[in-house]
Amino acid sequence: MNRQSACASAEAAMAHSRRRIDNRRLQIPSRPKDECGLFGVYGHEDAAKLAYFGLYALQHRGQESAGIVVSDGERVSEHKAMGLVPEIFNERILDSLKGNIALGHVRYSTTGSSLLSNAQPFRIRYAGKCLAIAHNGNLVNARKLRSDLEASGSVFQTTMDSEIVLHLVAKGMRDGLEQAVARAMEQIKGAYSMAIMTEDTLIAVRDPCGFRPLCVGHLDSGYVLSSETCALDLVHAEYEREIKPGEILIINKDGLKSIRFETKNRKAQCIFELIYFARPDSNVFGQNVYLFRKKQGELLAEEFPVDADFVMPFPDSGNYAAIGYAQSSGLPLEMGVIRNHYVGRTFIQPSQSMRDFGVKVKLNPVKELLKDKRVLIIEDSIIRGTTSRTRIKTLRAIGAREVHMLVSCPPHRFPCVYGIDFSSRGELIAAEKSVEEIREFTGLDSLGYLHVDNLVKATHIPREDLCLACFDGQYPVQVEEDFSKYCLE
Ligand code: SF4
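Because the structure is predicted, anything quoted here is derived from the model rather than measured. (Residues numbered from 1 in each chain as written. Predicted model: local features only at pLDDT ≥ 70, side-chain atom pairs only at ≥ 80, totals over all residues. Heavy atoms only, no water.)

K.L.:
Where do I start with the overall build of the chain in this structure?
P.N.:
Regarding its fold elements, the chain presents 18 helices and 23 strands. Out of the 489 residues belonging to the chain, those deemed buried represent 60%. Sequence separation of 24 or more characterises 71% of the internal contacts of the chain that already satisfy a separation of 6 or more. Approximately 20,000 Å² of the chain is accessible, and the part contributed by carbon and sulfur atoms is 48%. (Helix = DSSP H or I, 4+ residues; strand = E, 2+ residues; numbered from the N terminus. Buried < 20%, exposed > 50% of the residue type's maximum accessible area, 1.4 Å probe, protein only. Contact = heavy atoms within 4.5 Å. Areas by Shrake-Rupley, 256 points an atom, 1.4 Å probe, with all protein chains shown as cover.)

Here is the structure:
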């Protein structure tokens, strides 16, 4: 993609972002939402329970809905609902899901509404066979594919781009499952890590750029697929490898079979998985997330020495970079703000007159520690800036003498079109304001962002194998449609 078209795409994306923001202003989350997580099991008698534990470990990737589809080789059963994994499943439900192949999914909607009908895995029957899909990512040619399919007689049940993939696979089934999946992958464009399940087969697929993580492990004589390695640890599965970008991995009674449907020179692994989304105990793109974030903090300390009494994170976002900063700079690390871990989804939003209450119920500062101190806060990102502004106001109100902030990545200037929710729900303060203007808006004494070169340096990955589009506007997969058409609602 050339620079001009990248910029045009970025501008279209930002214009759309602003329109959506106006419509949803009262519902906008102040932090980016996780996208989706998937977990598959092949060849284990406790497939449903393993999938349940796998989804439990991946809950951070999606909290709107969850589901598990199970097959005993002939019959397929499923359970899906809105809510968190432990709210949706219990012993009785898991016992009813019989079989040794399972596919599970936790969802946060990036396309399609937050409805039960859009919960995944999504399943259809075609020519007497079951096809189920669990998808993480966003297709950038969904609208065109969907209208082509509708013109040729396909009837859609949901607004999700994942359903498009199943229709494409179903259309190619006369040539066999492998060919059908390979042809479908050749037609879809964008970011996707997905798993497809039939009565007797589990298939893992990763897009040619490898935007989203997906790995395979083995457990006893069976196999496990997972968005992140932390879920493998929980079920005592042994990590084998990542699914390669452009690879289809077929798991059936004959074992593993790998097909490459596209070999691209350039990968585009999402740096935001490492910065923010993945759990710190996961290894993503061949790299441990905890150590990556700590390295970000070390590089921040080199780039921005700050004269402060101590360094602290707002838990949990800046925790690991703050540790890295403290160790590298010699500044003491303090936990100046305490997080309440028991604030759930059902927390009732306070009225306007009680708005500070909503912030304090999650994070409460330790007044005696902060009073009269020069504080350096480490954050992993500033998206809208409003949360930072409220927090800094609180620190000043309790007597912090100076409040400085360092962010462990560059300013987010461009929306994401590959499945992270600041495509449509995030107001990117850095798209409109300079760093100095953001400092002023948030009420900080000083503000610094990690340079993109240092961000790349914190990875073990060549720059050309990363997606950095939300920082530099260089979208690795060309946006083929008007951005406003990505959301099929
Ligand atoms: S634009 Fe940003 S968030 Fe989206 S895939 Fe690229 S690096 Fe990740």
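K.L.:
I tried to follow the sheet that holds strand 13 (residues 255–260) on my own but got confused; where do I start?
P.N.:
Neighbouring strands of a sheet are bound in pairs by backbone hydrogen bonds; such pairs are parallel or else antiparallel. Spatially, the six strands line up as an open sheet ordered 5-6-7-8-12-13, and their pairing is antiparallel. Bordering the open sheet on either side are strand 5 (122–126) and strand 13, each of which pairs with just one other strand. Each adjacent strand pair in this sheet contributes to an overall mean axis angle of 20°, direction not counted. Across eight bridges, the pairing between strand 6 (residues 129–139) and strand 7 (residues 190–197) is antiparallel. Across the sheet, Asn-138 pairs through a bridge with Ala-191, a residue of strand 7. (Pairing = 2+ DSSP bridges. Axes fitted to C-alpha atoms, helices over the stretch in contact; angles between N-to-C directions.)

K.L.:
Looking at this structure, how should I read the pairing of strand 12 (residues 247–252)?
P.N.:
In the case of a regular strand, side chains alternate between the two sheet surfaces. In terms of burial, strand 12 is a largely internal element, six of the six residues being buried. Residue alternation in strand 12 divides its side chains into two sets, Glu-247, Leu-249 and Ile-251 and Ile-248, Ile-250 and Asn-252, and both sets are buried. Bridge count for strand 8 (residues 202–206) against strand 12 is four bridges, and the pairing is antiparallel. Across the sheet, Val-205 pairs through a bridge with Ile-248, a residue of strand 12. As paired elements, strand 12 and strand 13 share six bridges and run antiparallel to each other. The partner of Ile-250 across the bridge, within strand 13, is Lys-257.

K.L.:
For this particular structure, what's the right way to read the site of the ligand?
P.N.:
Surveying the vicinity of the ligand reveals 12 residues, the closest of which are Arg-212, Cys-270, Cys-416, Cys-467 and Cys-470. Of all the secondary-structure elements, those providing two or more residues to the shell around the ligand are helix 9 (271–277) and helix 18 (469–472). (Near = heavy atom within 4 Å.)

K.L.:
Can you help me understand the packing of helix 5 (residues 142–151) against helix 6 (residues 161–171) in this one?
P.N.:
Packed helix pairs are specified by the crossing angle of their axes together with the interaxial distance, meaning the distance between the axes. Contact geometry of helix 5 with helix 6 gives a least axis separation of 10 Å together with a crossing angle of 45°. Judged on the interaxial angle alone, helix 6 and helix 5 are oblique. The element helix 5 and its partner helix 6 pack so that their crossing is left-handed. For the pair helix 5 and helix 6, contact is made by Ala-142, Leu-145, Arg-146 and Leu-149 and by Asp-161, Ile-164, His-167, Leu-168 and Lys-171, respectively. Its residues placed into classes, the contact of helix 5 with helix 6 shows five nonpolar, one polar and three charged. (Parallel < 35°, antiparallel > 145°, perpendicular 65-115°, else oblique. Left-handed = near helix turned anticlockwise from the far one by under 90°. Nonpolar A, V, L, I, M, F, W, Y, C, P; charged D, E, K, R; others polar.)

K.L.:
Would you mind going over the pattern of salt bridges with me for this structure?
P.N.:
Scanning all chains against the criterion turns up 25 salt bridges. Glu-273 is the partner of Arg-61 in a salt bridge, and the nearest nitrogen-oxygen pair spans 2.9 Å. Note that Arg-61 is positioned in the loop between helix 2 (47–57) and strand 2 (65–71) and Glu-273 in helix 9, a separation of 212 residues in sequence. Here Arg-61 and Glu-273 have matching classes, each one buried. With a shortest N-O distance of 3.7 Å, Arg-125 and Glu-199 are connected by a salt bridge. Placement of Arg-125 in strand 5 and of Glu-199 in the loop between strand 7 and strand 8 is noted, with a sequence separation of 74 residues between them. Take Arg-125: its relative accessible area is 54%, and that puts it in the exposed class. Each member of the salt-bridge network shares a partner with another, and the members are Arg-61, Arg-212, Glu-228 and Glu-273. (Salt bridge = Lys/Arg side-chain N within 4 Å of Asp/Glu carboxyl O.)

K.L.:
Mind showing me how you'd approach the nonpolar core here?
P.N.:
Nonpolar side chains tend toward joint burial in soluble globular proteins. Residues Tyr-325 and Tyr-418 are the most contacted members of the largest nonpolar core, which totals 74 residues. Looking at this core, you find at least three residues from each of domain 1 (31–277) and domain 2 (288–472). In this structure, Ala-142, Ile-188, Tyr-192 and Ile-196 belong to the second largest nonpolar core, which totals 32 residues. (Core = buried A, V, L, I, M, F, W, Y, C linked by side-chain atoms within 4.5 Å. Domains from an automatic or database assignment.)

K.L.:
Just checking my understanding: could you explain the environment of Val-452 for this structure?
P.N.:
Mapping Val-452 onto the fold places it in helix 17 (residues 452–458). What Val-452 contacts, discounting residues up to four positions off in sequence, is Pro-410, Arg-463 and Leu-468.

K.L.:
What am I meant to see in helix 10 (residues 289–303) here?
P.N.:
In this model helix 10 runs 21 Å from its N-terminal to its C-terminal C-alpha over 15 residues, within 8% of the 21 Å that 1.5 Å per residue would give. What helix 10 keeps buried is the set Val-289, Phe-292, Arg-293, Lys-294, Gln-296, Gly-297, Leu-299, Leu-300 and Ala-301. Where helix 10 starts, the residue carrying a side-chain oxygen 3.1 Å from the main-chain nitrogen of Tyr-290 turns out to be Asn-288. (Expected span 1.5 Å × (residues − 1). Polar contact = N/O pair within 3.5 Å; in protein donor to acceptor, adjacent residues only side chain to side chain.)

K.L.:
Please clarify how the packing of aromatic side chains should be interpreted in this entry.
P.N.:
Aromatic ring pairs are described here by two measures, namely the spacing of the ring centres and the angle between the planes. Taken as a whole, this structure holds nine aromatic pairs when the rule is applied. When the ring of Tyr-52 is compared with that of Phe-53, the centres are 5.2 Å apart and the planes differ by 65°; the resulting orientation is edge-to-face. With a centroid separation of 4.9 Å and an interplanar angle of 90°, the aromatic rings of Tyr-276 and Phe-277 are classed as edge-to-face. Like Phe-277, Tyr-276 is buried. What links up through ring pairs into an aromatic cluster is the set Tyr-52, Phe-53, Tyr-56 and Phe-89. Against the face of Phe-156 rests Arg-146, its NZ or CZ located 4.4 Å from the ring centre. Its guanidinium or amino end placed over the ring of Phe-314, Arg-391 lies 4.7 Å from that ring's centre, counting from NZ or CZ. (Phe/Tyr/Trp six-rings, centres within 6.5 Å; stacked < 30°, edge-to-face > 60°. Lys NZ or Arg CZ within 6 Å of the ring centre and 35° of its normal.)

K.L.:
Please explain the packing of helix 6 against helix 7 (residues 177–187) as it appears in this structure.
P.N.:
Two elements in contact, helix 6 and helix 7, have axes whose closest approach is 8 Å; the angle formed by their N-to-C orientations is 130°. On the basis of the axis angle, helix 6 is oblique to helix 7. The chirality of how helix 6 crosses helix 7 is right-handed. Contacts from Val-165, Leu-168 and Val-169 in helix 6 reach Leu-177, Ala-180, Val-181, Ala-184, Met-185 and Gln-187 in helix 7. Across the contact of helix 6 with helix 7, the residue classes tally to eight nonpolar, one polar and no charged.

K.L.:
Explain a nonpolar patch on the surface to me, please; I cannot follow it from the model alone.
P.N.:
A cluster of nonpolar residues, Phe-53, Tyr-56 and Leu-234, forms a patch on the protein surface that exposes about 290 Å² of accessible area. If you trace the backbone, Tyr-56 turns up in helix 2. The exposure class of Tyr-56 is partly exposed, given its relative accessible area of 41%. (Patch = residues over 30% accessible without salt bridge, like charges linked within 9 Å, V, L, I, M, F, W, Y side chains within 5 Å.)

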